[in-house]
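# Observations on chain architecture
The chain contents come next:
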Amino acid sequence: MESLHKIGLGGGCHWCTEAVFQSLKGVHKVEQGFVASEKENSSFSEAVIVHFDNSKISLKDLIAIHLHTHKSTSEHSMRSKYRSAIYIFSEKDETLTTKILSDLEDDFERKLITQVLPFKAFKPSDEMFQNYYYSNKQKPFCETYINPKLKLLLDRFSKHVDSKKLV
């Protein structure tokens, strides 16, 4: 029996993030768009919502992949558009996600800036941008920005890659 869960992930371009998570075993759906949280994070920022079967891929693996496929240790001028965040849907998710982030901190030379934030709202991207990579693999943007992330995914997290998708 499947055990479907969801988590929101933001950090870089949602076209890139969507492609990374669409390429994984156990991920059933990736919604690409903009997520808002609360207070100083109430503006919409590029993100995806990942629906996954945690009997096939764990939240810890998803978070590790997320941290390694965007600039999770870097403050930069575009952080309001590309907030480094994990958006949670329950208090249980918050506790688990915070612990996972703490456990993964040692994988990085610099301090993680990724925040754990409550999910408040979602706006999907325009239809023409949905499934961007798998509809446009030869576009210069895909070759320049997404392909290196997928190579990292294959090199570092190959056991989670759905080989039928990444050919």
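Our subject is the structure listed above.
Just so we're clear, the structure is a prediction, and the values are computed from it rather than from any experiment.

Right, let's get into the layout of surface pockets. Volume-wise, the largest pocket comes out at about 350 Å³. Along the wall of the largest pocket there are 15 residues; nearest its centre are G11, G12, C13, Y82 and K149. Elements that contribute at least two residues to the lining of the largest pocket include exactly helix 1 (14-22) and helix 5 (140-157). Within this model, the second largest pocket holds a volume of roughly 210 Å³. The wall of the second largest pocket is formed by H5, K6, I7, F52, N54, S58, L59, S90, K92, D93 and L96. Looking at the lining of the second largest pocket, the elements with two or more residues in it are strand 1 (4-10) and helix 3 (91-104). The class makeup of the residues in the lining of the second largest pocket is four nonpolar, four polar and three charged.

In this section: the environment of L59. Assignment of secondary structure puts L59 in helix 2 (residues 59-68). Note: C-alpha distance between L59 and F34 (25 residues apart in sequence) is 21 Å. When residues no more than four places from it in sequence are discounted, the contact partners of L59 are I7, F52, L96, T97 and I100.

Attention shifts here to the packing of aromatic side chains. Within the structure shown, the criterion is met by seven aromatic pairs. What links up through ring pairs into an aromatic cluster is the set W15, F129, Y132, F141 and Y145. In this structure, K123 is placed above the aromatic ring of F44, and the distance from its NZ or CZ to the ring centre is 4.4 Å.

A separate point is helix 1. The buried fraction of helix 1 is high, at nine of nine residues. Residues of helix 1 that are buried include every one of H14, W15, C16, T17, E18, A19, V20, F21 and Q22, and no others. Contacts made by the buried residues of helix 1 are with strand 1, strand 2 (27-36), strand 3 (45-53), helix 2, helix 4 (132-135) and helix 5.

The subject of this paragraph is the environment of L24. With respect to the helices and strands, the residue L24 is situated in the loop between helix 1 and strand 2. A residue is classified by how much of its surface remains accessible, and L24, at 0% relative accessible area, is buried. When the C-alpha positions of L24 and K159 are compared, they lie 9.0 Å apart, and in sequence the two are 135 residues distant. Setting aside anything within four residues of it in sequence, one finds L24 in contact with I57, L62, I65, L153, H160, V161, D162 and K165.

Scoring rules and cut-offs
Residues numbered from 1 in each chain as written. Predicted model: local features only at pLDDT ≥ 70, side-chain atom pairs only at ≥ 80, totals over all residues. Heavy atoms only, no water. 1 Å grid on protein atoms, 1.4 Å probe; cavity = no way out; pocket = protein on both sides within 12 Å on 5 of 7 lines; lining within 4 Å. Points joined across faces, edges and corners; volume = space filled by probe spheres on them. Helix = DSSP H or I, 4+ residues; strand = E, 2+ residues; numbered from the N terminus. Nonpolar A, V, L, I, M, F, W, Y, C, P; charged D, E, K, R; others polar. Contact = heavy atoms within 4.5 Å. Phe/Tyr/Trp six-rings, centres within 6.5 Å; stacked < 30°, edge-to-face > 60°. Lys NZ or Arg CZ within 6 Å of the ring centre and 35° of its normal. Buried < 20%, exposed > 50% of the residue type's maximum accessible area, 1.4 Å probe, protein only.

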